[in-house]
Every structure is written in structure tokens, then in C-alpha cells.
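Here's the letter readout for the chains.
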Amino acid sequence: MSQPMNRCYRLRHRPSGAITPDDVEFGEESIPSIGPGQALVRTLWLSLDPANRIWMSEIDYNMPPVPIGGVMRGLGIGEVVASQRADMNVGDLVSGITGWADYAVADATNLLPFTVLPTPLPAKAPTLLGALGNTGITAYLGVHDICRPRAGETMVVTAAAGAVGSVAGQLGKARGARVVGTAGSPEKCRHVVRAYGFDACINYRATDWRDQLDTATPEGIDHIFENVGGQILDHLVTRLNVGARIALCGLIADYNSYGSAEPSQQTRIDAAQLLISRALVGSFLVLDHSDRFAEATSYLAELKNAGKLVHDETVIEGLDRARDALAQMFNGANTGKLVIKVAEPTRNAQVVVAGECR
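Rules used throughout
- Residues numbered from 1 in each chain as written.
- Predicted model: local features only at pLDDT ≥ 70, side-chain atom pairs only at ≥ 80, totals over all residues.
- Heavy atoms only, no water.
- Helix = DSSP H or I, 4+ residues; strand = E, 2+ residues; numbered from the N terminus.
- Rg over C-alpha atoms; globule rule 2.2 N^0.38 Å.
- Buried < 20%, exposed > 50% of the residue type's maximum accessible area, 1.4 Å probe, protein only.
- Contact = heavy atoms within 4.5 Å.
- Areas by Shrake-Rupley, 256 points an atom, 1.4 Å probe, with all protein chains shown as cover.
- Salt bridge = Lys/Arg side-chain N within 4 Å of Asp/Glu carboxyl O.
- Polar contact = N/O pair within 3.5 Å; in protein donor to acceptor, adjacent residues only side chain to side chain.
- Core = buried A, V, L, I, M, F, W, Y, C linked by side-chain atoms within 4.5 Å.
- Arc of directions from axis to C-beta.
- 1 Å grid on protein atoms, 1.4 Å probe; cavity = no way out; pocket = protein on both sides within 12 Å on 5 of 7 lines; lining within 4 Å.
- Points joined across faces, edges and corners; volume = space filled by probe spheres on them.

1. What to know about the overall build of the protein
A count of helical and extended segments in the protein gives eleven helices and 17 strands. Computed over the C-alpha atoms, the radius of gyration of the protein is 21 Å, within 12% of the 21 Å expected from 2.2 N^0.38 for a compact globule of 358 residues. Judged by the C-alpha coordinates and their principal axes, the protein covers about 65 × 50 × 35 Å. Across the 358 residues in the protein, those meeting the buried criterion constitute 53%. Counted over contacts in the protein with a minimum sequence separation of 6, partners at least 24 positions apart contribute 66%. As displayed, the protein has an accessible area near 15800 Å², and 50% of this comes from carbon and sulfur atoms.

2. Side note on the pattern of salt bridges
Counted according to the given criterion, the structure contains twelve salt bridges. A salt bridge links Lys337 to Asp49; the nearest nitrogen and oxygen atoms lie 2.5 Å apart. One end of the pair, Lys337, is in strand β15 (residues 337-341); the other, Asp49, is in the loop between β3 (39-48) and α1 (51-56), with 288 residues separating them in the sequence. The exposure classification of Lys337 matches that of Asp49, with both residues buried. When salt bridges that share partners are traced, they join Asp145, Arg292 and Glu295 into one network.

3. Considerations on the environment of Asn52
Take Asn52: it is sitting in helix α1. Here the alpha-carbon distance between Asn52 and Ile340, two residues 288 residues apart in the chain, equals 13 Å. In contact with Asn52, other than residues within four places in its own chain, are Ser47, Met72, Arg73, Gly74, Trp100 and Leu326. At 2.8 Å, the side chain of Asn52 and the backbone nitrogen of Asp49 are in polar contact. A polar atom in the side chain of Asn52 sits 3.0 Å from the backbone oxygen of Arg73.

4. A closer look at the side chain of Asp23
Tracing the backbone shows Asp23 in the loop between β1 (6-11) and β2 (24-29). Setting aside chain neighbours within four positions, we find Asp23 in contact with Arg10, Leu11, Arg12, His13, Arg14, Pro15 and Ala18.

5. A word on the nonpolar core
By size, the foremost hydrophobic cluster in this structure holds 74 residues, and its most contacted members are Leu46, Leu48, Met56, Trp100, Leu171, Phe225 and Ile340. For this core, the element with the highest residue contribution is helix α3 (residues 134-147), accounting for seven residues. In this structure, Trp209, Leu213, Ala216 and Ile221 belong to the second largest nonpolar core, which totals 17 residues.

6. Concerning helix α7 (residues 230-237)
Counting buried positions over the eight residues of α7 gives seven, a clear majority of the element. Within α7, burial applies to Gly230, Ile232, Leu233, Asp234, His235, Leu236 and Val237.

7. Considerations on the side chain of Thr217
Relative to the helices and strands, Thr217 is located in the loop between α6 (209-216) and β11 (221-226). At 2.8 Å, the side chain of Thr217 and the backbone oxygen of Leu213 are in polar contact. Beyond its immediate sequence surroundings of up to four residues, Thr217 is in contact with Thr154, Val156, Arg178, Val180 and Arg239.

8. Overview of α6
All buried positions along α6 are accounted for by Trp209, Leu213 and Ala216. The buried residues of α6 occupy one face: seen down the axis, they fall within an arc of 65°. Exposed and facing more than 90 degrees away from the buried side of α6 are Asp211 and Thr215. In this structure, the buried side of α6 is in contact with β9 (178-183), β10 (200-203) and α7.

9. Quick notes on unusual backbone geometry
Leaving glycine out, the prevailing phi sign among residues is negative, and the prevailing peptide bond configuration is trans. That bond from Thr119 to Pro120 is cis: its omega, 0°, falls within 30 degrees of zero. As for its position among the elements, Pro120 is in the loop between β7 (115-116) and α2 (125-129). Despite not being glycine, Arg148 shows a phi value in the positive range, around 50°. Mapping Arg148 onto the fold places it in the loop between α3 and β8 (154-157). A residue is classified by how much of its surface remains accessible, and Arg148, at 40% relative accessible area, is partly exposed.

10. Notes on the environment of Gly130
Within the secondary structure, Gly130 is located in the loop between α2 and α3. For the pair formed by Gly130 and Thr314, sequence separation is 184 residues and the distance between their alpha carbons is 11 Å. Setting aside residues no more than four positions away along its own chain, Gly130 makes contact with Thr135, Gly136 and Lys337.

11. Quick word on the layout of surface pockets
Empty space within the second largest pocket amounts to approximately 420 Å³. What lines the second largest pocket is a set of 20 residues, among which Val71, Ile97, Thr98, Ala104 and Asn110 lie closest to the centre. Sorting the residues of the lining of the second largest pocket by element identifies β1 and β6 (103-106) as the ones contributing at least two each. If one sorts the elements of the lining of the second largest pocket by residue count, β6 sits on top with three residues.

Put into C-alpha cells, the structure is as follows:
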């Protein structure tokens, strides 16, 4: 009988533009061995995020770049299958940087320490990577710390059908704001309004999207939760009210230009317009605020349990599809959180959803 192997993606080249098969190589190798103070984690679920593309570049983002030849970095949930750590037992479910691989070693060298998850789980694993994980926490920090919308104000959320944007808009609604989103198709826009409760959503691929945005924000814009950048942000800035706030969460329109011989960043913010509107621009990275995670997840869980937080997950089966799935994210193919289902747990993990085990 053949021995199990560790499938993984390794970074071979820093992408110049969109990711290609030459940049990230999928292969098989031996499963890592462990020693004292280490545990072996088998990846069950892998989170795909815009940060994956940044980590491939030479930019020192919230973590150092992935080294050439290194396993592609990615957050995930896994199961401890061998352990020489007192704080991790075989069978424990943990979250951390599993990487784009079947197996990872949990030890003191991890850039982000692995965390043992409660038993039973408070929600399904994809939700713990999304609305009740770093995705939801990101939305919480941007809305509650930077935008801080109030009743009667207007907040615009770009990439409103995405993992962060869909949650951010609902948090704005919970604070009484009028929320307008942007998304990449009429179908997504209808979903943003009907499922997430946005007041309006504009298809940014429509030829008259600027006119539609102006019509949807007749009193101007008080807050922007920005995930995209590019021409949309440039236009939104022209409609800012005095004292407006911008939560600069991401600029996904620019990420594929990182590493290009001739960078073609699309975002050109008018600094004079920011000055005229006396706008506050707050940028943030979620991993800088680990001391706020418990506060944020508690709030998000309360909204979810009260039926006031709707979330979607796009689940793709198979680790071998991770590279293509990430490319789809940049084309706007997914709705909500994009996750890869890598494997089934070897034990039957109970999940509590709205007070019931499933």
C-alpha cells in the first residue's frame, strides 16, 4: 500500500500580472515529520483571500512575502493528527496558517499561532473562516472604528457581494445608515439588496455606472468602505460630504499589477477633493488588531443568532483547484466567502448552529 503524500503548492515565480500555472506549482512530497513542541495539522478547509496575491509579490504586507520555493501561504482550519505539544491533542480542530497544503506543522515558528477551536464548533467551518472569522472581523473594524455611520447617513460599500463587503454593509444597516453597494453583475446586485438588505446596488460594469451611483446617493456620501479602488473609488471621492470617512480595506483592482514590469495601478485618488471635504481616510489590516477579535466575533455572533447577519460561502472542492479559484476571485466569480474544501475530518465534529447540533 502506498504511503499518503503531502500535496502542496509552491511559489516558483513572483507573478507579473494575473497568476499563471508557471508561478505556482502543484505537486506531491513527503508529509512533514514533527518533534518536541510541534503538532502535525491536516488541512480541512482553506480560505482564499485577496491577500494571497499580495503575499506572492515582494511587498511586505501584513506578513513577509512568501519566499520563492515556499509553500503558498493561506489561512485555514485543520485537524491535529499527531502532536508533541501539551496544548494540542490529536483530534483537535485548529485555525491558523495551514498554507496551500494537505499538512502543516504547528510550532513556535508560525507567523500566526494556531488556535484550538472550541468543541462543538460555534458554526460551520466556512463561516468561521468568513463571517465569524477574519472576514467578519475586518468588516467590523472598518465600520465600527473608522466609518462609524449614524442613522440618516449614506455609506457606500464596494465589492458588496464579496466576503467583507457583504458583512460591512449589514453592519452599516445595523447602525441605521443608508447603504449603497457596488457589484459586478445585475444578479449580484439583486442579491445584495434582497439578501443583505442594502438600499441599492450599482453594477459597476454598466456603461452608465457613474450616473447610477450619483442617483443612488442624492445627498452625497458620508462613508466609503473601500475594497476595490480604481475608477469607482476615484468617482466616489468626488461625492464626499464634509467630514466624510473612508475605511480603506483593500484595493483589489491594483493587486494583479504588483510585480509587473510596468505597474498599471488604477487608483488615482484626488487628494484635493479629500482636502475640500475634510475627509478622514483610515487604513487598517485585520491582523494588527488581534486584541479586538473576541469583541468583534461576539458582536457578529449576536447578529447572526438574531437573524440579522446573512452570509454566503462559495465552496470549491479540492486543493488542486485553489490556484484557479483564486484567479476566479479577481474576476468576480464568487459570492461571499470563497473557501476550498480540502478534506473531511477523521472524527465527527459537532457544529452548533442557532443552538442546535448538526
